[in-house]
Amino acid sequence: MEVFLAQPRGFCAGVVRAIEIVERALQKYGPPVYVRHEIVHNKYVVESLKKKGAIFVENLSEVPARAVTVFSAHGVARSVEEEAEARDLPVLNATCPLVTKVHNQGKRYISRGRTLILIGHAGHPEVEGTMGQVPAPVLLVQSVQDVAELRLPTDAPVAYITQTTLSVDDTKDIITALQAKFTDIQGPDTRDICYATQNHQSAVRDLSKLVDVILVVGAANSSNSNRLREIGTEVGVASYLIADGSELNPDWLKDAKAVGITAGASAPEVLVDDVIEALRRIGPVSVSVVPGREENIEFRLPAELTAG
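Residues numbered from 1 in each chain as written. Predicted model: local features only at pLDDT ≥ 70, side-chain atom pairs only at ≥ 80, totals over all residues. Heavy atoms only, no water.

A. The arrangement of the layout of surface pockets in detail. By volume, the largest pocket amounts to about 300 Å³. Around the largest pocket, the lining is made up of 18 residues, and of these Cys12, Ala13, Val16, Ile297 and Glu298 lie nearest the centre. If you tally residues by element for the lining of the largest pocket, the top one is helix H1 (residues 13–29), at four residues. Residue composition of the lining of the largest pocket, by class: nine nonpolar, two polar and seven charged. Approximately 180 Å³ is the volume attributed to the second largest pocket. Contributing to the lining of the second largest pocket are Arg36, His37, Glu58, Ser72, Gly75, Val76, Ala77, Val80, Gly123, Pro125, Glu128 and Gly129. Of the residues forming the lining of the second largest pocket, the biggest block, three residues, is contributed by helix H5 (residues 125–133). Broken down by class, the residue content of the lining of the second largest pocket amounts to four nonpolar, five polar and three charged. (1 Å grid on protein atoms, 1.4 Å probe; cavity = no way out; pocket = protein on both sides within 12 Å on 5 of 7 lines; lining within 4 Å. Points joined across faces, edges and corners; volume = space filled by probe spheres on them. Helix = DSSP H or I, 4+ residues; strand = E, 2+ residues; numbered from the N terminus. Nonpolar A, V, L, I, M, F, W, Y, C, P; charged D, E, K, R; others polar.)

B. Representation of H1. Between its terminal C-alpha atoms H1 stretches 24 Å, which fits the 24 Å expected from 17 residues at 1.5 Å a residue. Among all positions of H1, only Ala13, Gly14, Val15, Arg17, Ala18, Ile19, Ile21, Val22, Ala25 and Leu26 are buried. One or two residues past the end of H1 sits Gly30, with phi positive at roughly 80°. (Expected span 1.5 Å × (residues − 1). Buried < 20%, exposed > 50% of the residue type's maximum accessible area, 1.4 Å probe, protein only.)

C. Fine view of the packing of aromatic side chains. Under the defined criterion, the tally for this structure stands at one aromatic pair. Seen from their ring centres, Tyr240 and Trp252 are 3.9 Å apart, and the 5° between their planes marks the pair as stacked. Residue Tyr240 is located in strand S11 (residues 238–242), and its partner Trp252 is located in the loop between S11 and strand S12 (258–263); the two are separated by 12 residues in the primary sequence. (Phe/Tyr/Trp six-rings, centres within 6.5 Å; stacked < 30°, edge-to-face > 60°.)

If you want it as structure tokens, here you go:
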């Protein structure tokens, strides 16, 4: 069986930075270090950090006084930041810089008197953080239908921002609907959309032309991993989301001569290797990487972790 690996796949720069912040904090301050929400949406990553001394909580009320606290890559609402400040918690902010950029765009649009529309998934921690960072009501739209139901005058000054785990392809129909509905609308340049989300999705489209089955390595609660599986299905290739090799179902591969593997932005390469090993237990495989975009972006760590 031929196995093709998507390029790029797995960790993006924001995830690499977030994990490194927790690891460096543990080295510098010693355990425990408290992390609000899963640092990234991947059980393997979270469990490995727990073993090193990270404690994951959903509310700051669970964090003891003066304990080192890390905000996850998804970002947090301003109210969470204020609660940490009020309690004098030493905070390391692992919010992805691209998420922070979206927060700042939203604030700018509001300061210019525009009504802000956020394209994203209700309940996702990034969406909750973004809505809580903008000092005004934010209208959330998840579909073209939601745009049709917006109760605003067509000449109202509006602006839109998007969840970073949605690509240009994911948002284009909604943006087109917004532009058709409103005469005075602004939005970020498409180049501002998360490069990793777009690159990962483009790589799956390339992969789909070569294979009979696509395996997406990632967590069930990972928005970008679920989207990769959906894209494979949309282009007509049987696609499955699996956490690791233990979830591989041999029945999926019955008539497959070529299998494609990709991984969500929060899935480490060790889990891809685990899936390849699971395939090897079924039969001999040859592995090759599909040529794709090389990602060499790195984000700076907080100054507290690089000084001294």
